[in-house]
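Coordinate analysis (summary)
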Amino acid sequence: GGENEQQTDIISVWEGDSISIICSRENLEEVLGTYLTASKEQLTVLYVSREGTSYIPPDLAHRLTYSEEGKNLRITLHDAQQSDSNIYQCSTFVTRKGHHKKLHGKETIVVVKAQTSGVLQQSPLYVNPEPGQSISITCAWNSSYGDEEFYLLKTLMQREKVLHVSSQNASTISLAFANRLEYSKEERKIVITLHNLQKNDSGIYLCAGVVKNVSFLSVSESGTMMLIKDVEQTDCSNSSWVIYGLTSIVALLFTALMCCTLYCVNV
């Protein structure tokens, strides 16, 4: 049997960047080996034994490196490609009281954004609601695949998996948006509505999808930047001009912000 550690990280990078995943290992004296798997296909990306021997798939041998950092194993994938987008999981194989056990650890959602248009389109580009208001994000497939699995991810300063909808339309909503999120799915489009927005909901939201028999995540070309207005300034006569000015600047610099703020996050 195994033990599950309910932890998810999100890494978002551009093609050509490097991806670093940290696998945490407690009680090193019990650890026989450490795995990193691409969870959608259960493919082994890396295996490192206690003795220091390792296995890396031949197609990743020239791009993947790892290093021991105390109890942690740092795994770095260089020259990221869009096909590297996937859901990765760290696991350890341990021995306890003479018995072997596989422990499932951190799950990492890796999003590699291409410079070219993908199969997911997302709108709007930018929203600037007041606290308590609602906004809707639309994600649409521009190709007909079927059996899609969908995610809405929040990146920037706070990172979380906001929504997951399976191909059977079963959904999981993050605790931060419990009772504040609803969605409708119709053919090749899904509309997500976020209600009663708060200041800490500000961030960049990305649509991502997994298609059956396709081994990587497809990500929207551009996310939705959401900046919640500061209500304390709304009583000032000049505040609306300040807000509109900032909104215009943020919109104009959105592409640059995406490049600068979608970075690897190491736990």
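Under an unreviewed UniProt entry, the name given to the protein is CD7 protein, and the source organism is Indicator maculatus.

Some points on the environment of Ala140
Looking at where Ala140 falls in the secondary structure, it is placed in strand 12 (residues 135-141). Its relative accessible area of 22% is what places Ala140 among the partly exposed residues. Expressed as a C-alpha distance, the spacing of Ala140 and Glu187, which sit 47 residues apart in the sequence, is 9.1 Å.

Let's talk about the side chain of Ser166
By the secondary structure assignment, Ser166 is in the loop between strand 14 (160-165) and strand 15 (171-173). Taking relative accessible area as the criterion, Ser166 reaches 12% and is therefore assigned buried. Ignoring any residue separated from it by four or fewer positions in sequence, one finds Ser166 in contact with Glu148, Glu149 and Lys185.

Let's talk about the pattern of salt bridges
Enumeration according to the criterion identifies six salt bridges in this entry. Between Arg25 and Glu68 there is a salt bridge, and its shortest N-O distance comes to 2.4 Å. You can see Arg25 sitting in the loop between strand 2 (19-24) and strand 3 (31-38) and its partner Glu68 sitting in strand 6 (residues 64-69), a full 43 residues away along the chain. Owing to a relative accessible area of 5%, Arg25 belongs among the buried residues under this scheme. One salt bridge in this structure joins Glu69 and Arg74, with 2.8 Å as the shortest N-O distance.

Observations concerning the pairing of strand 3
The buried fraction of strand 3 amounts to seven of the eight residues, a majority that puts the element mostly inside the structure. Where strand 3 and strand 8 (residues 86-96) come together, seven bridges link them in antiparallel fashion. Bridge pairing in strand 8 links Thr34 to Thr92. Pairing of strand 3 with strand 4 (residues 43-49) involves six bridges; the strand directions are antiparallel. Counterpart to Leu36 in the pairing with strand 4 is Leu46.

Examining the nonpolar core
Across soluble globular proteins, nonpolar side chains have a tendency to be buried as a group. By size, the foremost hydrophobic cluster in this structure holds 21 residues, and its most contacted members are Phe150, Leu152, Ile192, Leu194, Tyr205 and Met226. Mapped by element, the contributors of at least two residues to this core are strand 12, strand 13 (148-155), strand 14, strand 17 (189-194) and strand 18 (203-211). With four residues, strand 12 is the single largest residue contributor to this core. Dropping the residues within four chain positions of it, Phe150 is found in contact with Cys139, Leu163, His164, Val165, Ile190, Ile192, Cys207, Ala208 and Gly209. Residues Cys23, Ala38, Leu46 and Val48 belong to the second largest nonpolar core, which totals 20 residues.

About the criteria used
- Residues numbered from 1 in each chain as written.
- Predicted model: local features only at pLDDT ≥ 70, side-chain atom pairs only at ≥ 80, totals over all residues.
- Heavy atoms only, no water.
- Helix = DSSP H or I, 4+ residues; strand = E, 2+ residues; numbered from the N terminus.
- Buried < 20%, exposed > 50% of the residue type's maximum accessible area, 1.4 Å probe, protein only.
- Contact = heavy atoms within 4.5 Å.
- Salt bridge = Lys/Arg side-chain N within 4 Å of Asp/Glu carboxyl O.
- Pairing = 2+ DSSP bridges.
- Core = buried A, V, L, I, M, F, W, Y, C linked by side-chain atoms within 4.5 Å.

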